[in-house]
Amino acid sequence: MKPASFAYVRAESVPEATAALDRFGEEGKILAGGQSLLPLMNFRLARPETLIDIGGLRDLSGLRAGADQVSIGALTRHLDLERCRLAGPLGTLLRASAAHVGHLPIRTRGTFGGSVAHADPTAEWCMLTTLLDGSVTAISAAGERQILAQDFFETVFTTALRPDELLTEVTLPLLGEEYRVAVAEFARRAGDFAVVAVMVACTVQDGVLGEARVCLGGVADRPVRSRAAEGILAGQPASAKTFTAAADAAAAVTSPPADIHGSAEYRRDLVRVLLRRALERMGP
Ligand SMILES: Cc1cc2nc3c(=O)[nH]c(=O)nc-3n(C[C@H](O)[C@H](O)[C@H](O)COP(=O)(O)OP(=O)(O)OC[C@H]3O[C@@H](n4cnc5c(N)ncnc54)[C@H](O)[C@@H]3O)c2cc1C
């Protein structure tokens, strides 16, 4: 399949990109890694009149670490994150999550910001942003704004980004050494999107769980925090009994959709199995 014809603009700076978005409105689309947009165009599911290529904007690539947070530039490739040397639990989580994103060629071209803007409910970077209450920076010709994860992901492939806004970075908290983290997923084939994915970040001190964060992907129209599991984990011993109770509770209150990849019941069972597995495997 080939895409419908389109015009092409290569932005040489962020102001050039936002000016082009302003000019083309709904008919203009940002081209980042092209790993989601181009397949959609090839199948004629998307027919933008103009592509605004931001691939050359080096300033939007890489990690900027502050005292207690890290900003990930929109053009940071999945592979950069798989190989990143960030120390501590957030570095562990970035590397573990990136390894689940597609195949090597996709990880080489696809970008963090493209994934967050695309908003697939099982995308690892959408889950991570939700898990850690990340903040999305959006810039338009009119100015800059921050959008919290809870307000950013609206439904499948739909975010709070306006058509004239460019996502420039996502800021996440640097997790302290007391955090234990893990990712667990089930996909039909290696490299496919997960049917269900689970991410956890919990503080553990003297064998007792403190703050507990649990995010589920593939069970709703966007990544969701499992408040049921988090409530059971907080303040309890980090034991098999606690982990089983949290996983059972998360599965019990989840109402996943059914599709060709699995029934609702199958996905609920995956939540139970994967969450228990993630909690048992949490590490620094
Ligand atoms: C076979 C296959 C398997 C895959 N498996 C996975 C997987 O397991 N997990 C996963 O997370 N992803 C997976 N992907 C998708 C991949 O991660 C993409 O790289 C990602 O979803 C989109 O990033 P991109 O840079 O390629 O964005 P593009 O395809 O260039 O853009 C995607 C959308 O986001 C918009 N956009 C991009 N960047 C910006 C920006 N900075 N500001 C505003 N809007 C922007 C575009 O206009 C477009 O609408 C898979 C893709 C394929 C083809």
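The structure under discussion appears in the preceding block.
Residues numbered from 1 in each chain as written. Predicted model: local features only at pLDDT ≥ 70, side-chain atom pairs only at ≥ 80, totals over all residues. Heavy atoms only, no water.

## Things to note about the sheet that holds strand S2 (residues 28-31)
Ordered by their spatial adjacency, 3 strands build an open sheet running S1-S3-S2, and the pairing between neighbours is parallel. Strands with a single pairing partner mark the edges of an open sheet, and in this sheet they are strand S1 (7-10) and S2. Geometrically, the sheet is characterised by an average inter-axis angle of 25° between neighbouring strands, direction not taken into account. Here S2 pairs with strand S3 (residues 50-53) via 4 bridges, running parallel. Directly across from Gly-28, in S3, lies its bridge partner Thr-50. Sheet strands touched by helix H1 (residues 14-24): S1, S2 and S3. Its angle to S3, the strand with the most contacts, is close to 165°. (Pairing = 2+ DSSP bridges. Helix = DSSP H or I, 4+ residues; strand = E, 2+ residues; numbered from the N terminus. Axes fitted to C-alpha atoms, helices over the stretch in contact; angles between N-to-C directions. Contact = heavy atoms within 4.5 Å.)

## Some remarks on the side chain of Thr-122
Examined against the element boundaries, Thr-122 turns out to sit in the loop between helix H6 (112-118) and helix H7 (124-131). By relative accessible area, Thr-122 is classed as buried at 7%. Looking at Thr-122, its side chain comes within polar contact range of the side chain of Asp-120, at 2.9 Å. Dropping the residues within four chain positions of it, Thr-122 is found in contact with Met-127, Phe-193, Ala-194, Val-195, Gly-217 and Gly-218. (Buried < 20%, exposed > 50% of the residue type's maximum accessible area, 1.4 Å probe, protein only. Polar contact = N/O pair within 3.5 Å; in protein donor to acceptor, adjacent residues only side chain to side chain.)

## Looking at the site of the ligand
The environment of the ligand is made up of 31 residues, and the closest members are Ile-30, Gln-35, Leu-37, Thr-111 and Glu-124. The backbone of Ile-30 places a nitrogen or oxygen atom 2.6 Å from an oxygen atom of the ligand. In this structure, Thr-111 approaches the ligand through a side-chain N or O atom, which is 2.6 Å from an oxygen atom. For the ligand, whose unbound accessible area comes to 970 Å², protein coverage reaches 89%. Going through the elements one at a time, S2, H6 and strand S10 (166-173) are the ones with two or more residues in the shell around the ligand. (Near = heavy atom within 4 Å. Areas by Shrake-Rupley, 256 points an atom, 1.4 Å probe, with all protein chains shown as cover.)

## Let's talk about the packing of aromatic side chains
Where two aromatic rings form a pair, the distance of their centres and the angle of their planes describe that pair. Enumeration according to the criterion identifies 3 aromatic pairs in this entry. Where Phe-152 meets Phe-153, the ring centres are 5.0 Å apart and the plane angle is 90°; that geometry is what we call edge-to-face. Side by side, Phe-152 and Phe-153 carry an identical accessibility label, which is buried. Their ring planes at 85° and their centres at 6.4 Å tell us that Phe-186 and Tyr-266 sit as a pair that is edge-to-face. Of this pair, Phe-186 sits in strand S11 (residues 179-186) while Tyr-266 is found in helix H11 (residues 264-281), placing the two residues 80 residues apart along the sequence. (Phe/Tyr/Trp six-rings, centres within 6.5 Å; stacked < 30°, edge-to-face > 60°.)

## Examining the pattern of salt bridges
With the rule as written, the count across this model stands at 16 salt bridges. Its salt-bridge partner being Glu-211, residue Arg-213 comes within 3.3 Å of it at the nearest N-O pair. Glu-211 gets classed as partly exposed once you look at its relative accessible area, which sits at 33%. Taking the shortest distance from any N to any O, the salt bridge between Arg-225 and Glu-230 comes out at 2.7 Å. (Salt bridge = Lys/Arg side-chain N within 4 Å of Asp/Glu carboxyl O.)

## Re H1
By the burial criterion, the buried members of H1 are Ala-17, Thr-18, Ala-20 and Leu-21. With its buried residues spanning 155° around the axis, H1 presents them on a single face. For H1, exposure combined with an orientation more than 90 degrees from the buried face picks out Pro-15 and Arg-23. Packed against the buried residues of H1 are S2, S3, strand S6 (135-140) and S10. Its side-chain oxygen 3.1 Å from the backbone nitrogen of Glu-16, Ser-13 forms the N-cap of H1. Two residues or fewer past H1, Gly-25 is found with a positive phi of approximately 55°. (Arc of directions from axis to C-beta.)

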